[in-house]
Amino acid sequence: MRTQVGIVGGGPAGLLLSHLLHLEGIASVVLERRSREDLETTVRAGVLEYGTAELLKEVGVGERMEREGSVHHGIELRFDGLGHRIDFADLTDGLSITIYGQQEVVKDLIRTRLETGGQILFDSEAESVHDLDTDSPKVRFLADGEEEEISCDYVAGCDGFLGVCRPAVPERARTEYTRTYPFGWFGILVEGPPSTKELIYTLHDRGFALVSTRSPEIQRLYFQCDPHDDTEEWSDARIWDELSARLATRDGWELTDGKIFQKDIVQMRSFVCEPMQYGRLFLAGDAAHIVPPTGAKGMNLAVADVRVLARALIEFYGSGDTELLDAYSETCLRRVWRAQRFSWWMTSMLHRFDRSDPFQLKVQQAELDYVTSSRAAATTIAENYVGAALG
Ligand code: DHB
């Protein structure tokens, strides 16, 4: 099999890249190890930066997002029993975020690609990539137990943190930067009405909690937990007690509960691989970097990477010029590191690292007091959260 761009991984990065290339007449094949149903139903992140939502609209995959997604103009930071609003619209000249699940973006991209003749090979597991330093790299994959091969001009490694693309870069040619955190996020999906109009991020003596949403009927909540916790050990009653304790306010705010229908634990890690390119292999999204979820940056970074990559490939196929491809890694890494800094900072400010250290809690509360009372400091949260400050 031969194509112009071989795309390993059918998450938001791989699918969006395939769509952006298609709009300019560039052929690609997307290889995805999971089934279509699996991809479309796995619940992940849900916050789209302003620029991410705008891009999806511009390239014709934003119609359902505009109908069913929810535009938010601020978030609440809650600590010491009081809530404080960060007003994005006021602090960033009217920008906003859109709440729309990653799996909904994936559904929209799959439908659009298939309607326009796109080739997405589901249940096809990439095994290895070869000849990256030649002008005809190859991807070997397994489909229905048979080994097959795609040869192409370029390979886009959009196959996530555990994929085969990053390890195909020789160790001597890459540097990896990692930080792990001593906690995870316990996430629940709830059938029931929302408790608030906007997301609430809270720091409490017992740890972090976050109230988010997916739709008027489905809510998404998280709380800091032990990364080795087992979801089975958390009864519904225990979960609601913990969330209520962490979200309590001095004026008696009450969390609206509902029917919990899914529980999961998200691991917390910061990771960057440099450079994001080797020969004719370009890494994008989680294959190249992971952020802890606190700043809601993961999917947004993946989208930003493939936007840069699509532009560079379009330039190459139009003029033969590789200037943008050569600059790919450097261009992406600037945004990646800015988003890493923001995600690390939000994580550090909002979690309990050591519950036996009351001094640390007081300093974190003072920092939250500062960012919610100084317009300059509040602006740094707002412009990073909506994505305007990331480059
Ligand atoms: C959600 C996830 C995040 O990481 C975040 O910071 C905010 C919201 C969510 O899944 O809704």
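Residues numbered from 1 in each chain as written. Predicted model: local features only at pLDDT ≥ 70, side-chain atom pairs only at ≥ 80, totals over all residues. Heavy atoms only, no water.

**Describing the overall build of the protein chain**
Link 1 in the chain: Within the protein chain, the secondary structure is distributed over 13 helices and 20 strands.
Link 2 in the chain: The C-alpha atoms of the protein chain give 21 Å as radius of gyration, which agrees with the globular expectation for 391 residues (21 Å, within 12%).
Link 3 in the chain: Principal axes of the C-alpha set define a box for the protein chain whose edges measure 65 × 40 × 40 Å.
Link 4 in the chain: Pairs at least 24 apart in sequence give 72% of the contacts found in the protein chain among residues at least 6 apart.
Link 5 in the chain: Taken as a whole, the protein chain presents about 16,800 Å² of accessible surface, with 47% of it coming from carbon and sulfur.
Link 6 in the chain: Both charge centroids of the protein chain, one from 41 positive and one from 63 negative side chains, sit 3 Å from each other. (Helix = DSSP H or I, 4+ residues; strand = E, 2+ residues; numbered from the N terminus. Rg over C-alpha atoms; globule rule 2.2 N^0.38 Å. Contact = heavy atoms within 4.5 Å. Areas by Shrake-Rupley, 256 points an atom, 1.4 Å probe, with all protein chains shown as cover. Lys, Arg positive; Asp, Glu negative; His and termini not counted. Charge placed at Lys NZ, Arg CZ, Asp CG, Glu CD.)

**With respect to the site of the ligand**
Link 1 in the chain: Taken together, 14 residues lie near the ligand, and Tyr201, Ser212, Arg214, Tyr222 and Pro293 sit nearest.
Link 2 in the chain: Note that an oxygen atom of the ligand is positioned 2.6 Å from one of the side-chain N or O atoms of Tyr201.
Link 3 in the chain: A distance of 2.5 Å is found between an oxygen atom of the ligand and a side-chain nitrogen or oxygen belonging to Tyr222.
Link 4 in the chain: A total of 290 Å² of accessible area belongs to the ligand in isolation, and the protein chains cover 98% of it.
Link 5 in the chain: Residue assignment for the shell around the ligand shows that the elements contributing at least two residues are strand S15 (207–213) and strand S16 (218–225).
Link 6 in the chain: Its residues assigned to classes, the shell around the ligand comprises nine nonpolar, three polar and two charged.
Link 7 in the chain: No fewer than three residues from each of domain 1 (5–72 + 97–177 + 269–344) and domain 2 (181–267 + 352–386) sit in the shell around the ligand. (Near = heavy atom within 4 Å. Polar contact = N/O pair within 3.5 Å; in protein donor to acceptor, adjacent residues only side chain to side chain. Nonpolar A, V, L, I, M, F, W, Y, C, P; charged D, E, K, R; others polar. Domains from an automatic or database assignment.)

**Regarding the pairing of strand S1 (residues 5–8)**
Link 1 in the chain: The two faces of S1 match: Val5 and Ile7 on one face and Gly6 and Val8 on the other face are all buried.
Link 2 in the chain: In terms of strand pairing, S1 meets strand S2 (residues 28–31) through four bridges, oriented parallel. Bridge pairing in S2 places Gly6 opposite Val29.
Link 3 in the chain: Tracing the backbone out of S1, into helix H1 (residues 12–23) and back to the parallel element S2 gives a crossover that is right-handed.
Link 4 in the chain: Where S1 meets strand S12 (residues 154–157), four bridges bridge the pair, whose relative direction is parallel. Paired with Ile7 across the bridge in S12 is Ala156. (Buried < 20%, exposed > 50% of the residue type's maximum accessible area, 1.4 Å probe, protein only. Pairing = 2+ DSSP bridges. Right-handed = clockwise from strand over helix to strand, strands pointing away.)

**Thoughts on the pattern of salt bridges**
Link 1 in the chain: Across all of its chains, the model carries 28 salt bridges by this definition.
Link 2 in the chain: The closest approach of N and O atoms between Arg67 and Glu63, which form a salt bridge, is 3.3 Å. Here the residue Arg67 and the residue Glu63 both occupy positions in helix H4 (residues 63–68), the gap between them amounting to four residues, near one helical turn. The pair Arg67 / Glu63 is uniform in exposure class, with both members exposed. (Salt bridge = Lys/Arg side-chain N within 4 Å of Asp/Glu carboxyl O.)

**Structural notes on the side chain of Ser374**
Link 1 in the chain: Tracing the backbone through its elements, the reader meets Ser374 in the loop between helix H12 (358–373) and helix H13 (375–385).
Link 2 in the chain: One polar contact links the side chain of Ser374 to the main-chain amide nitrogen of Ala376, over a distance of 3.2 Å.

**Details of the packing of aromatic side chains**
Link 1 in the chain: Across all of its chains, the model carries 17 aromatic pairs by this definition.
Link 2 in the chain: Ring geometry for Phe183 and Phe353: centres 5.1 Å apart, planes at 80°, overall edge-to-face. Taken as a pair, Phe183 in strand S13 (residues 175–191) and Phe353 in the loop between helix H11 (328–350) and H12 lie far apart in primary sequence, 170 residues in all.
Link 3 in the chain: An angle of 55° between the planes, with centres 5.6 Å apart, marks the rings of Phe186 and Trp234 as tilted. Within this pair, whereas Phe186 is found in strand S13, its partner Trp234 is found in the loop between S16 and helix H8 (236–247), the two being separated by 48 residues in sequence. There is no split in this pair, since Phe186 and Trp234 are both buried. (Phe/Tyr/Trp six-rings, centres within 6.5 Å; stacked < 30°, edge-to-face > 60°.)

**Remarks on the side chain of Thr213**
Link 1 in the chain: Residue position: Thr213 is located in strand S15.
Link 2 in the chain: Given the relative accessible area of 13%, Thr213 is considered buried.
Link 3 in the chain: Polar contacts involving the side chain of Thr213 include one to the main-chain carbonyl oxygen of Ser215, which spans 3.2 Å.
Link 4 in the chain: Polar side-chain contacts of Thr213 include one of 3.4 Å to the backbone oxygen of Ile218.
Link 5 in the chain: Residue contacts for Thr213: discarding those within four places in its chain leaves His72, Ile99, Ile218, Gln219 and Arg220.

**A short note on the domain arrangement of the protein chain**
Link 1 in the chain: What the domain assignment reports for the protein chain is domain 1 (5–72 + 97–177 + 269–344) and domain 2 (181–267 + 352–386).
Link 2 in the chain: Counting residues at the interface gives 23 residues for domain 1, matched by 19 residues for domain 2.
Link 3 in the chain: For the pair domain 1 and domain 2, the summed buried surface comes to about 1,700 Å²; carbon and sulfur atoms form 61% of the total.
Link 4 in the chain: If you look at where domain 1 meets domain 2, you find zero salt bridges. (Buried area = accessible area lost by both parts, 1.4 Å probe.)

**Overview of the nonpolar core**
Link 1 in the chain: Ranked by internal contacts, the top residues of the largest apolar core, which has 73 residues, are Leu16, Leu17, Leu48, Leu309 and Leu325.
Link 2 in the chain: Here the element with the most residues in this core is helix H9 (residues 298–319); it accounts for 10 residues.
Link 3 in the chain: For Leu17, the residues in contact, after removing those within four places along its chain, are Ile7, Ala156, Val306, Leu309 and Ala310. (Core = buried A, V, L, I, M, F, W, Y, C linked by side-chain atoms within 4.5 Å.)

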